[in-house]
Amino acid sequence: MKVFLLYPDRDFDPEQPLPPHTDNVVQDLELNTLFSAMAQGDAFVFDVVKRVILSGLEDLRAIRYRQDILRDCLKNTQVIREIYQIPIRAQESKRKQWLGIFGVHYPSNILTSGRNMLEVYFGFLKELRGIVDTHVHKFESEGFRRFFAMIQKELDEEYLATVAHHLKVLAFRGGVLVSAKLGKGNEGTNYVLRKPNADDRNWVARLLPRRSPAYSFKLHPRDDHGARALGELKDRGLNRAANVVAQAAEHVESFLHVLRWELAFYIGCLNLAKTLDDLGEPITFPEPAPADERVLSGRGLYDVTLALTMGQKVVGNDIAGDGKDLVMITGANQGGKSTFLRSIGLAQLMMQCGMFVPAQSFSANLCRGLFTHFKREEDASMQSGKFDEELGRMSAIVDALTPNAMVLFNESFAATNEQEGAEIARQVVRALLERRIKVFFVTHLYEFARRFLEQDNVLFLRAERKPDGTRTFKLIEGEPLPTSYGPDLYHRIFEMRTVPDEAEKR
């Protein structure tokens, strides 16, 4: 049985390695805040959503496939949570009853453990079948309809009855019937487990003792060697059946594990949607475009991690960047530039893993990998200067880039003088654009930004500042300005006093 709720053609692999440079992306975009909000204290959900979001998808059909499944989840929240609890409860039941086949070496023990596991698991599979039969008509996505059809086909009444019968037979309450032949040296060979003869006597006849229809013998209660030898004969007969039952138990257990892994992502999405709804923040399903196009438009796009951290609505931005390879973001300090840059990166990641995005509407082309190059605070453990560290990180990113990737720069190459930093930034950006890399760049380097004014494929955004210095945290289309608004920073740090204090009066 296959789940196929994250991918249309394969199951989720929890051991799949993450893309390169994910540590920097997690740090720069503050993704742990997002993962924590989705997990709500569940370490298992945290790990799954982290892997799914960072791995992303690069196929339009796969993204839309997952979006449709998530839409069904949002419309049937309680049903999804009920299904998600089934593999969790199954695992807890196994743990409480010390069920398992690993570390068991004797066929008789393997058979007993495997049978007990199947008995527990099939109780939960019957419950899953009941949920599916009750709610199947509420789901519209290709993924869920295929999953539910598989459950109804594979776990129909006839199959469940057959399994129940076999589990009852495998208990061997009337003993184990094994046939064998004598081989060379009168050693036993060709051991075969036989189906017990049906006892068709009425209840009166069963109460009366009957003569054995075959020659038999009994072991003395204290004959340990005889019991051991008889046990070995029994294990030889049970060996093949034990292997089959063990494989069946592992198959069912694997199915339940995969079901939990794949539903954990959607549980995280449901948790996040509920949190954002409580904050009054909008969400929308984005429109992805092919990676070789240049699409970027949105209304009310906001930084979801900022909203989660502050616990309230935050300012959103509109953007119209279709056909643009480079988005240059300039403006006053504390104007919302870095926040906007994070919102772009977060929306891109959420879109490419099939999620909703934090906006009223959003559309963008896919990227073949997302990379971030944000400024770092001074670190005493650095073995070289801050500027060398920036160049080292940039070199590592370049080694991993492919055409149609995306790079987010935040105040990069500002650790040296403006002239040198502007020239290095210009050369880096031009090289990236030539390789069809989509670039977002937040900068205070006016000379660097000014050199791209004549290009048609560049969108210039500027953090809005009112004449009195007030920041609206909105970004508007506008060319870079030569001022860095130093007086704003001076007045914010060194508050000019107009009234002398008591010490000055004296």
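What this report covers is the structure whose coordinates are included nearby. Everything quoted here is computed from the prediction, not taken from an experiment.

## Describing the overall build of the chain
Then comes step 1: Across its full length, the chain carries 17 helices and twelve strands.
Then comes step 2: With 506 residues in all, the chain has 45% of them scored as buried.
Then comes step 3: Accessible surface, the chain: about 27,100 Å² in total, of which carbon and sulfur atoms supply 50%.

## Re the side chain of lysine 438
Then comes step 1: Residue position: lysine 438 is located in strand S10 (residues 438-442).
Then comes step 2: Put simply, lysine 438 is tucked away with no salt bridge, and the nearest opposite charge, on aspartate 322, sits 7.2 Å away.
Then comes step 3: Every residue in contact with lysine 438, bar those within four places of it in the chain, is listed here: Arg294, Val295, Leu296, Lys324, Asp325, Asn365, Ala405, Met406 and Val407.

## Some points on the packing of helix H2 (residues 31-39) against helix H3 (residues 43-55)
For any two helices packed against each other, one specifies the crossing angle of their axes together with the interaxial distance.
Then comes step 1: Interhelical geometry of H2 versus H3 gives an angle of 130° and a closest axis separation of 9 Å. One finds that H2 runs oblique with respect to H3. Crossing angle aside, the handedness with which H2 passes H3 is right-handed. Each of Leu31, Asn32, Leu34, Phe35, Ser36, Met38 and Ala39 in H2 lies in contact with H3, whose residues at this interface are Val45, Phe46, Val49, Lys50, Ile53 and Leu54.
Then comes step 2: Broken down by class, the residue content of the contact of H2 with H3 amounts to ten nonpolar, two polar and one charged.

## As for the pattern of salt bridges
Then comes step 1: Taken as a whole and judged by the stated rule, the model has 21 salt bridges.
Then comes step 2: The closest approach of N and O atoms between glutamate 140 and lysine 75, which form a salt bridge, is 3.5 Å. Placement of glutamate 140 in the loop between helix H6 (107-135) and helix H7 (142-154) and of lysine 75 in helix H4 (residues 60-75) is noted, with a sequence separation of 65 residues between them. Residues glutamate 140 and lysine 75 agree in their burial class; the two are exposed.
Then comes step 3: Between glutamate 423 and arginine 451 there is a salt bridge, with the nearest N and O atoms lying 2.6 Å from each other. In this pair, glutamate 423 is assigned in helix H14 (residues 418-434) and arginine 451 in the loop between helix H15 (446-450) and strand S11 (458-465), connecting sequence segments 28 residues apart.
Then comes step 4: For glutamate 423, a relative accessible area of 24% translates into the label partly exposed.
Then comes step 5: Take arginine 451: its relative accessible area is 31%, and that puts it in the partly exposed class.
Then comes step 6: Each of Glu423, Arg426, Glu447, Arg450 and Arg451 takes part in a single network of salt bridges with overlapping partners.

## Quick word on the sheet that holds strand S5 (residues 317-320)
Then comes step 1: Overall, mixed pairing links the four strands, which are arranged S3-S7-S4-S5 in an open sheet. For this open sheet the edge positions go to strand S3 (287-289) and S5, each flanked by a neighbour on one side alone. Strand-to-strand, the axes of this sheet are offset by a mean angle of 15°, without reference to chain direction.
Then comes step 2: Of the pairings in the sheet, the one linking S3 to strand S7 (residues 361-365) comprises three bridges and is parallel in character. Looking at the pairing, glutamate 287 lines up with serine 363 of S7.
Then comes step 3: Set on the sheet, helix H12 (residues 337-352) makes contact with S3, strand S4 (296-301), S5 and S7; between it and S7 the angle comes to about 75°.

## Some points on the environment of histidine 137
Then comes step 1: Turning to its location among the elements, histidine 137 is positioned in the loop between H6 and H7.
Then comes step 2: With eleven residues separating them in the primary sequence, histidine 137 and phenylalanine 148 have C-alpha atoms 10.0 Å apart.
Then comes step 3: Polar side-chain contacts of histidine 137 include one of 3.5 Å to the backbone oxygen of threonine 134.

## Overview of the sheet that holds S11
Then comes step 1: With respect to topology, six strands assemble into an open sheet ordered S8-S9-S10-S6-S11-S12, the strand pairing being mixed. The open sheet is flanked by strand S8 (370-374) and strand S12 (471-477), the only strands paired with a single partner. Between one strand axis and the next, the sheet turns through 15° on average, direction left out of account.
Then comes step 2: Bridge count between strand S6 (residues 326-331) and S10: four bridges; the pairing is parallel.

## Some remarks on helix H5 (residues 77-96)
Then comes step 1: Along its 20 residues, H5 runs 29 Å from first to last C-alpha, staying within 8% of the 28 Å computed at 1.5 Å per residue.
Then comes step 2: Looking at H5, one finds that the buried residues are Val79, Ile80, Ile83, Tyr84, Ile86, Pro87, Ile88, Ala90, Ser93 and Lys94.

## Considering the pairing of strand S9 (residues 406-410)
Two faces make up the sheet, and in a regular strand the side chains alternate between them.
Then comes step 1: With five of five residues buried, S9 lies mostly within the body of the structure.
Then comes step 2: The alternating pattern of S9 places Met406, Leu408 and Asn410 on one face and Val407 and Phe409 on the opposite face, and all of these are buried.
Then comes step 3: In terms of strand pairing, S8 meets S9 through five bridges, oriented parallel. When the bridges of S9 are listed, phenylalanine 374 appears paired with asparagine 410.
Then comes step 4: As paired strands, S9 and S10 are joined by five bridges and run parallel to one another. Following the sheet pairing, valine 407 is matched in S10 by valine 439.
Then comes step 5: In this fold, S9 hands off to H14, which returns the chain to S10; that crossover is right-handed.

## Here's the deal with the nonpolar core
Then comes step 1: Of all hydrophobic cores here, the largest spans 107 residues; its most connected members are Leu31, Leu34, Phe265, Leu272 and Met355.
Then comes step 2: With 17 residues, helix H10 (residues 224-279) is the single largest residue contributor to this core.
Then comes step 3: When sequence neighbours within four positions are dropped, the list of residues in contact with leucine 34 reads Ile53, Leu272, Val304, Thr305, Leu308, Leu346 and Met350.
Then comes step 4: Residues Leu401, Ala405, Phe409 and Leu433 belong to the second largest nonpolar core, which totals 26 residues.

## Description of unusual backbone geometry
Then comes step 1: At glutamine 40, a residue that is not glycine, the phi angle is positive and equals roughly 50°.
Then comes step 2: Relative to the helices and strands, glutamine 40 is located in the loop between H2 and H3.
Then comes step 3: On the basis of relative accessible area, glutamine 40 is assigned to the exposed category, the value being 51%.
Then comes step 4: Non-glycine residue asparagine 404 carries a positive phi angle of around 75°.
Then comes step 5: With respect to the element layout, asparagine 404 can be found in the loop between helix H13 (386-400) and S9.
Then comes step 6: Owing to a relative accessible area of 15%, asparagine 404 belongs among the buried residues under this scheme.

Criteria and cut-off values
- Residues numbered from 1 in each chain as written.
- Predicted model: local features only at pLDDT ≥ 70, side-chain atom pairs only at ≥ 80, totals over all residues.
- Heavy atoms only, no water.
- Helix = DSSP H or I, 4+ residues; strand = E, 2+ residues; numbered from the N terminus.
- Buried < 20%, exposed > 50% of the residue type's maximum accessible area, 1.4 Å probe, protein only.
- Areas by Shrake-Rupley, 256 points an atom, 1.4 Å probe, with all protein chains shown as cover.
- Lys, Arg positive; Asp, Glu negative; His and termini not counted.
- Salt bridge = Lys/Arg side-chain N within 4 Å of Asp/Glu carboxyl O.
- Contact = heavy atoms within 4.5 Å.
- Axes fitted to C-alpha atoms, helices over the stretch in contact; angles between N-to-C directions.
- Parallel < 35°, antiparallel > 145°, perpendicular 65-115°, else oblique.
- Left-handed = near helix turned anticlockwise from the far one by under 90°.
- Nonpolar A, V, L, I, M, F, W, Y, C, P; charged D, E, K, R; others polar.
- Pairing = 2+ DSSP bridges.
- Polar contact = N/O pair within 3.5 Å; in protein donor to acceptor, adjacent residues only side chain to side chain.
- Expected span 1.5 Å × (residues − 1).
- Right-handed = clockwise from strand over helix to strand, strands pointing away.
- Core = buried A, V, L, I, M, F, W, Y, C linked by side-chain atoms within 4.5 Å.

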